[in-house]
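What follows is each chain in one-letter form.
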Amino acid sequence: MKYGPMFERIDLHLIRVLHTVLTERSVSRAAIKLGMYQPAVSASLKRLRELAGDPLLVRSGAGMVPTVAGLRMIEPAADILRSAEVLFSDARAFDPATATHTFSLAASDYLDPLFLPTLVTQIKAQAPHASIDIHPLSRDADYRTHLAQGTVDVVIGNWAQPPDDLHLGRLFGDEVVSLVASHHPAVRRGWDAEAWLSAEHIAPTPTHPGARGVIDEHLAAQGLTRHITARCPHFGLIPAMVAGSLLVLTTGRQYCERYVGALPVTILMPPVKFPRMMYYQLWHERTHASNAGRWLREQIKSVAASLRASESTRAEAA
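Just so it is clear, the structure is predicted and the values come from calculations on it, not from any experiment.

Novice: Can you walk me through the environment of histidine 146 in this structure?
Specialist: Here histidine 146 shows up in helix 7 (residues 143-149). Of the residues examined, histidine 146 reaches a relative accessible area of 30% and is grouped as partly exposed. Sequence separation between histidine 146 and glutamate 75 is 71 residues; the distance between their C-alpha atoms is 9.6 Å. In contact with histidine 146, not counting residues within four places along its chain, are Thr151 and Val152.

The following block contains the structure:
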């Protein structure tokens, strides 16, 4: 097999710098992520520009954006990095005790608030030299692209109809309930469907313009609309907002029960019937056979099972 002069001038480290600079869109942020000094990253970028015959990253307003050529390089660079990782790390059995792998996952904060802390604790206990990058499922997150490019290994969240173009593992199902302040009139009087729909609801900020969560998708399918008067992108702050107001949060029971006792809040059953909320982990074909990826997915699955078991124990004790 013969390689030309261009191939001889490119090494794997340079590809890693290329991918990081283009995805971070910042030399300084790329330097932090790579654990390099900024001048070294700038020197590598200069070399990459010479090799490509293109600036790759240019200034736009207060920030930087990839050029057309730079954008075309992101996915091939990710392919090379992922292939190299599989080539060497999966050539032998994955040993978490010695692995220096970086696990990257995107997760919804609608999860049980104990889920991610428990997962990180478990991973670090078994793989002390591994790194963990947790990304939010925000309104700007294109998780399909991140999974395809290898910037994220696993996405965890809840979908009424999970995508069928990705591998899927079911984690748990949860009953839909409403969380209200202990002084909310519905605690005393109860509510029917009309009163519940017209109450003041709080909901997470949509993940993208026009998007609806599983609660509002289900209501819309029945021709119903609830009265949402507040939205918040930080799901973990919502229970405290509910505690001091007449707002109603409707989500999974497991999430809500973590706050009962810690805040002056009460769980009520909504008078509209909802199917159970289903939580999944999703991953791309590119990591399906990876030993490291398989190990990560097993950790996620075991944490979900342990939280379900502890919840069942609490319910029986009550």
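On we go.
Novice: Just to check I follow, could you spell out the packing of helix 2 (residues 12-24) against helix 3 (residues 27-34) for this structure?
Specialist: For any two helices packed against each other, the geometry is given by the interaxial angle and the distance between the axes. Contact geometry of helix 2 with helix 3 gives a least axis separation of 8 Å together with a crossing angle of 130°. With respect to their mutual orientation, helix 2 and helix 3 come out oblique. For the pair helix 2 and helix 3, the crossing hand works out as right-handed. Residues Arg16, Val17, Thr20, Val21 and Glu24 of helix 2 form the contact with helix 3, whose own contacting residues are Arg29, Ala30, Lys33 and Leu34. Across the contact of helix 2 with helix 3, the residue classes tally to four nonpolar, one polar and four charged.

Novice: Honestly, the side chain of arginine 297 in this entry has me stumped. Any pointers?
Specialist: Here arginine 297 shows up in helix 13 (residues 291-317). Buried arginine 297, no salt bridge; nearest opposite-charge side chain is glutamate 298, N-O distance 6.8 Å.

Novice: Is there a simple way to think about helix 4 (residues 38-52) in this case?
Specialist: Since one α-helical turn is 3.6 residues long, residues separated by three or four positions face the same way. Here helix 4 is 15 residues long and its end C-alpha atoms lie 21 Å apart, about the 21 Å a rise of 1.5 Å per residue gives. Of the residues making up helix 4, those classed as buried are Val41, Ser44, Leu45, Leu48 and Leu51. The arc that holds every buried residue of helix 4, seen down its axis, measures 120°, which confines them to one face. Exposed and facing more than 90 degrees away from the buried side of helix 4 are Pro39, Lys46 and Glu50. Downstream of helix 4 by one or two residues, glycine 53 has phi in the positive range, about 65°.

Novice: Mind showing me how you'd approach helix 10 (residues 214-221) here?
Specialist: For helix 10, every residue scored as buried is listed here: Ile215, Asp216 and Leu219. Buried residues along helix 10 cover an arc of 85° about the axis, so they all sit on one side. Residues of helix 10 that are buried sit in contact with strand 7 (176-181), helix 9 (193-198), strand 9 (228-232) and strand 10 (248-252). Of the residues trailing helix 10, glycine 223 is marked for its positive phi of about 75°.

Novice: Whenever I open this one, the packing of aromatic side chains confuses me. Can you help?
Specialist: Aromatic ring pairs: the centre-centre distance and the angle between the two ring planes describe each pair. The tally for this structure, following the rule as stated, stands at eight aromatic pairs. Centre to centre, the rings of phenylalanine 94 and tryptophan 295 are 5.5 Å apart; their planes meet at 50°, and the pair counts as tilted. Pair noted here: phenylalanine 94 is in the loop between helix 5 (68-89) and strand 3 (102-107) and tryptophan 295 is in helix 13, with a separation of 201 residues, a long-range link. Both rings, one in tyrosine 143 and one in tryptophan 159, keep their centres 5.7 Å apart while their planes meet at 55°; by these two values the pair is tilted. Of this pair, tyrosine 143 sits in helix 7 while tryptophan 159 sits in the loop between strand 5 (154-158) and strand 6 (167-174), placing them 16 residues apart in sequence. In this pair, the class of tyrosine 143 matches that of tryptophan 159, namely buried. Three or more aromatic residues joined by ring pairs form one cluster here, namely Phe94, Phe103 and Trp295.

Novice: In this structure, what is going on with the sheet that holds strand 11 (residues 265-268)? I would like to understand it.
Specialist: Picture the strands of a sheet paired through backbone hydrogen bonds; they go either parallel or antiparallel. Ordered in space as 9-8-10-7-11, the five strands form an open sheet in which the pairing is mixed. Single-partner strands in this sheet number two, and they are strand 9 and strand 11. Across this sheet, the average inter-strand angle for adjacent strands is 35°, counted without regard to direction. Note: strand 7 against strand 11, four bridges, orientation antiparallel. If you follow serine 178 over to strand 11, its bridge partner there is leucine 268.

Novice: What should I look at first to understand the pairing of strand 2 (residues 63-66) in this one?
Specialist: Of the two faces of strand 2, the one lined by Met64 and Pro66 is fully buried and the one lined by Gly63 and Val65 carries no buried residue. One ladder, built from four bridges, connects strand 1 (residues 57-60) with strand 2; its direction is antiparallel. By the bridge assignment, leucine 57 is partnered in strand 2 with proline 66. From the end of strand 1 to the start of strand 2, which pair antiparallel, there are two residues, and glycine 61 there has a positive phi angle of about 65°.

Cut-off values and rules
Residues numbered from 1 in each chain as written. Predicted model: local features only at pLDDT ≥ 70, side-chain atom pairs only at ≥ 80, totals over all residues. Heavy atoms only, no water. Helix = DSSP H or I, 4+ residues; strand = E, 2+ residues; numbered from the N terminus. Buried < 20%, exposed > 50% of the residue type's maximum accessible area, 1.4 Å probe, protein only. Contact = heavy atoms within 4.5 Å. Axes fitted to C-alpha atoms, helices over the stretch in contact; angles between N-to-C directions. Parallel < 35°, antiparallel > 145°, perpendicular 65-115°, else oblique. Left-handed = near helix turned anticlockwise from the far one by under 90°. Nonpolar A, V, L, I, M, F, W, Y, C, P; charged D, E, K, R; others polar. Lys, Arg positive; Asp, Glu negative; His and termini not counted. Salt bridge = Lys/Arg side-chain N within 4 Å of Asp/Glu carboxyl O. Expected span 1.5 Å × (residues − 1). Arc of directions from axis to C-beta. Phe/Tyr/Trp six-rings, centres within 6.5 Å; stacked < 30°, edge-to-face > 60°. Pairing = 2+ DSSP bridges.

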